Amino acid sequence: EAVKLTANRVTEPDLSEVRGAPVQVRFDGEQCTAEAVGRLRRVLSGHRGHVPVHLTVDVEGERLRYQLGDELRVTRRPGLFGELKMAFGPDAVVEAETI
């Protein structure tokens, strides 16, 4: 009654999506409306995955940072970045080092 497992090849799993830097989205304060947040949620929901998303909102010289919930984790891919830039402008997605 023992389980036997035979493998021809064993490889290390690709965990780059999990270990990678979060996707960084940036809004100006006046851009951060209920409608924009709803649109952001819809875009992110269409790209579900394992990568966390951080939202930075610039308000009157102050930079507020939010880590979005696990239900809004994404898969890092060009389609996601293209949708974010189309919905919120070319500067909506930034490299982690520049924030």
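About the thresholds
- The residue numbers shown here count from 1 along each chain, following its written sequence.
- A pLDDT threshold of at least 70 governs which residues receive local features in this predicted model, and a stricter bar of 80 or more applies before side-chain atom pairs are shown or counted, although totals over entire chains, interfaces and linings include all residues.
- Computation of side-chain values: all heavy atoms of the structure, hydrogens and water removed.
- Only buried Ala, Val, Leu, Ile, Met, Phe, Trp, Tyr and Cys residues count toward a nonpolar core, and they belong to the same one when joined by side-chain atoms within 4.5 Å.
- Remark: exposure states derive from per-residue accessible area (1.4 Å probe, protein chains only) relative to the maximum for the residue type, with buried under 20%, exposed over 50%, and partly exposed in between.
- Secondary structure counts use DSSP, requiring at least four H or I residues in a row for a helix and at least two E residues in a row for a strand, with both numbered from the N terminus.
- We call two residues contacting when some pair of their heavy atoms lies within 4.5 Å.
- Strands qualify as paired when DSSP identifies two bridges or more between them.
- The term salt bridge refers to a pairing of a side-chain nitrogen on Lys or Arg with a carboxyl oxygen on Asp or Glu at a separation within 4 Å.
- Working definition: the arc comes from the directions between the helix axis and the C-beta atoms, pointing outward to the latter.
- For this analysis, a polar contact is any N or O atom pair within 3.5 Å, provided that within protein one partner can donate a hydrogen and the other can accept it, and provided that sequence-adjacent residues contribute only side-chain to side-chain pairs.
- Stacked, tilted and edge-to-face are the three classes applied to pairs of Phe, Tyr and Trp rings, where Trp contributes its six-membered ring and a pair requires centres within 6.5 Å; stacked means planes under 30 degrees apart, edge-to-face means over 60, and tilted covers the rest.

(A) Spatial organisation of the nonpolar core. Grouped together as the largest cluster of nonpolar side chains are 19 residues, with contacts concentrated most on Val25, Phe27, Leu40, Leu44 and Leu84. Element by element, the count of residues in this core is highest for helix H2 (residues 34-45), at four residues. Setting aside its immediate chain neighbours within four residues, leucine 40 contacts Val25, Phe27, Leu55, Leu68, Leu84 and Phe88.

(B) Inspection of the sheet that holds strand E3 (residues 53-59) at higher detail. Here four strands make up an open sheet; going across it, the order is E4-E3-E1-E5 and the pairing mixed. If you trace the sheet from one side to the other, it starts and ends with strand E4 (62-67) and strand E5 (93-94), each paired once. The pairing of strand E1 (residues 23-28) with E3 spans six bridges and is classified as parallel. Counterpart to arginine 26 in the pairing with E3 is threonine 56.

(C) Up close: the pattern of salt bridges. Per the stated rule, a full pass over the model turns up three salt bridges. Arginine 39 serves as the salt-bridge partner of glutamate 35, at 3.4 Å between the closest nitrogen and oxygen. A residue pair is termed a helical-turn pair when its members lie 3 or 4 positions apart in one helix, as glutamate 35 and arginine 39 do in helix H2 at four residues. Overall, the relative accessible area of 57% leaves glutamate 35 in the exposed class. Note that aspartate 70 is salt-bridged to arginine 73, the shortest N-O span being 3.0 Å. The class of aspartate 70 is exposed, set by a relative accessible area of 56%. With relative accessibility at 25%, the residue arginine 73 sits in the partly exposed group.

(D) Examining helix H3 (residues 78-88) more closely. Taken as a whole, H3 has its buried residues at Leu80, Leu84 and Phe88. Down the axis of H3, the buried set is contained in an arc of 35°. They therefore lie on one face. The outward face of H3, more than 90 degrees from its buried face, is lined by the exposed residues Pro78 and Met86. Just downstream of H3, glycine 89 is the residue with a positive phi angle, here 105°.

(E) Spatial organisation of the side chain of histidine 47. If you trace the backbone, histidine 47 turns up in the loop between H2 and strand E2 (48-51). Within the local environment of histidine 47, its side chain forms a polar contact with the side chain of arginine 77, the two groups lying 3.1 Å apart.

(F) Structural detail: the packing of aromatic side chains. This structure, assessed with the given rule, holds one aromatic pair. Relative to phenylalanine 88, the ring of phenylalanine 27 lies with its centre 4.9 Å away and its plane at 50°, an arrangement referred to as tilted. Taken together, the positions of phenylalanine 27 in strand E1 and phenylalanine 88 in helix H3 put the pair 61 residues apart, joining distant regions of the chain. In this structure, phenylalanine 27 and phenylalanine 88 share a single accessibility class: buried.

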